[in-house]
Amino acid sequence: MTVRIPSAPAVATLEPSNPPVTVRAPRRINGMLAGGIAMILLVGLIGYVGPLLFDTSLGDVGAAPPSEAPSWDHPLGTEVQGRDVLALLILGTPQTLKIGLIAGIVGLSIGVVLGLVSGYFGGIADAVIRLVTDVFLTIPALAILIVVASMVRVLSIEAMALIVASLSWMGPTRTIRSQVLTLRERRYIQLARLSGLSHFEIIFAEILPNLIPYIAATLVLAISTGILAAIGLEILGLGPSHLPSLGMLIFWAQYYDAVFRGMWWWFLPPIGILVLIFVGLFMIATGLDRISNPRLRN
């Protein structure tokens, strides 16, 4: 008699499989934004590091021999009143940036408030704001700036920035209004209304955070516009004559015919710094636009 012993059932051994590894694509560095920030920081260092490396007291009238070409003692020469051009650049660059920063922030703040009110509430408020904006857009801004600046006898940097900001809010108002008109029809805004949130809670908690990248790009453009308007007034001789700035440096070079006298060291350096400022601000605005607009990221 043969006894068969049943064999043990085969046990399937499952080897642990390695979980799939998700490889994230490395984030691309926004070269435009990084390059623009680096360029503006480089220009800003002229006004803050320059006084530590160079004697800015040479920017006073009669501090050096007049109309002297660039030399070791005066790297960028002097102008007709004996002021060192490099010292004037060190003192004037922060003032120009300050004018643009104040004008951009004030003008954009007014535009953001009016754009939010007009785009979200609509109705009579929207009609009034659009009417006032359209009326101011038809008025030549430079002519109004010239009239207002000529009426102020002693013009400071802050006063000039506020004068420029008083006519730089129309563009941001229209652009912010158009963005709010599209956002207020989104489903999450409708759900916020149904949940009982107030209008101000919806504006500051739901709409405004989505506009931050766009507002940042608009701020950079507003600063650039403010600097350009201030330079236009200063070249016409309506800037603060008692304070150094890039625009006033160009104005005095034009007033004393620096071009015809061959004093290139007087007018070319401030123009070069202005070019760096505008190119840097343009690169920052383009980089922020790529962040806020997904279609431009690739």
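Quick summary incoming for the structure in this document. What you are looking at is a predicted structure, and each value in this text was computed from that prediction instead of being measured.

## Describing the packing of aromatic side chains
Point 1. One pass over the structure, following the stated rule, counts nine aromatic pairs.
Point 2. With a centroid separation of 5.8 Å and an interplanar angle of 85°, the aromatic rings of W252 and Y255 are classed as edge-to-face. You can see W252 and its partner Y255 sitting in helix α9 (residues 246-255), three residues apart, about one turn around the helix.
Point 3. Note on W252: relative accessible area 21%, which makes it partly exposed.
Point 4. An angle of 85° between the planes, with centres 5.1 Å apart, marks the rings of Y255 and Y256 as edge-to-face.
Point 5. Residue class for Y255 comes out exposed when judged on its relative accessible area of 52%.

## Concerning α9
Point 1. A large share of α9 lies buried, amounting to seven of its 10 residues.
Point 2. For α9, the complete set of buried residues consists of L246, G247, M248, L249, I250, F251 and A253.
Point 3. Close packing links the buried residues of α9 with α2 (85-121), α8 (199-235) and α10 (264-292).

## Looking at the nonpolar core
Point 1. Of all hydrophobic cores here, the largest spans 28 residues; its most connected members are I227, W266, I277 and L281.
Point 2. Within the residue set of this core, elements represented by two or more residues are α1 (31-53), α2, α8, α9 and α10.
Point 3. In terms of residues, this core owes the most to one element, α10, which gives 10 residues.
Point 4. Apart from residues no more than four positions distant in its own chain, W266 is found in contact with E79, V80, V85, L249, W252, A253, Y256 and A258.
Point 5. Within the second largest apolar cluster, 15 residues are counted, among which are A149, I157, V164 and L238.

## Some points on the environment of E234
Point 1. Looking at where E234 falls in the secondary structure, it is placed in helix α8.
Point 2. Judged by its relative accessible area of 1%, E234 is buried.
Point 3. Spatially, the C-alpha atoms of E234 and F251 are 6.6 Å apart, while their sequence positions differ by 17 residues.
Point 4. Here E234 is in contact with I99, M160, G239, P240, S245, L246, G247, M248 and F251, once residues within four sequence places are set aside.

## A short note on the environment of M263
Point 1. Topologically, M263 is positioned in the loop between α9 and α10.
Point 2. The contact partners of M263, leaving out residues within four places of it in the chain, are S67, T78, E79, V80 and A258.

## Considering the pattern of salt bridges
Point 1. Inspection of every chain in the model, using the stated rule, returns five salt bridges.
Point 2. With its nearest N and O atoms 2.6 Å apart, the salt bridge here joins K98 to E158. Taken together, the positions of K98 in helix α2 and E158 in helix α5 (residues 157-165) put the pair 60 residues apart, joining distant regions of the chain.
Point 3. Take E158: its relative accessible area is 36%, and that puts it in the partly exposed class.
Point 4. Here R177 ties to D126 by a salt bridge, and the two come within 2.8 Å at their closest N and O atoms. Taken as a pair, R177 in helix α6 (residues 170-183) and D126 in helix α3 (residues 123-138) lie far apart in primary sequence, 51 residues in all.

Rules and cut-offs
- Residues numbered from 1 in each chain as written.
- Predicted model: local features only at pLDDT ≥ 70, side-chain atom pairs only at ≥ 80, totals over all residues.
- Heavy atoms only, no water.
- Phe/Tyr/Trp six-rings, centres within 6.5 Å; stacked < 30°, edge-to-face > 60°.
- Helix = DSSP H or I, 4+ residues; strand = E, 2+ residues; numbered from the N terminus.
- Buried < 20%, exposed > 50% of the residue type's maximum accessible area, 1.4 Å probe, protein only.
- Contact = heavy atoms within 4.5 Å.
- Core = buried A, V, L, I, M, F, W, Y, C linked by side-chain atoms within 4.5 Å.
- Salt bridge = Lys/Arg side-chain N within 4 Å of Asp/Glu carboxyl O.

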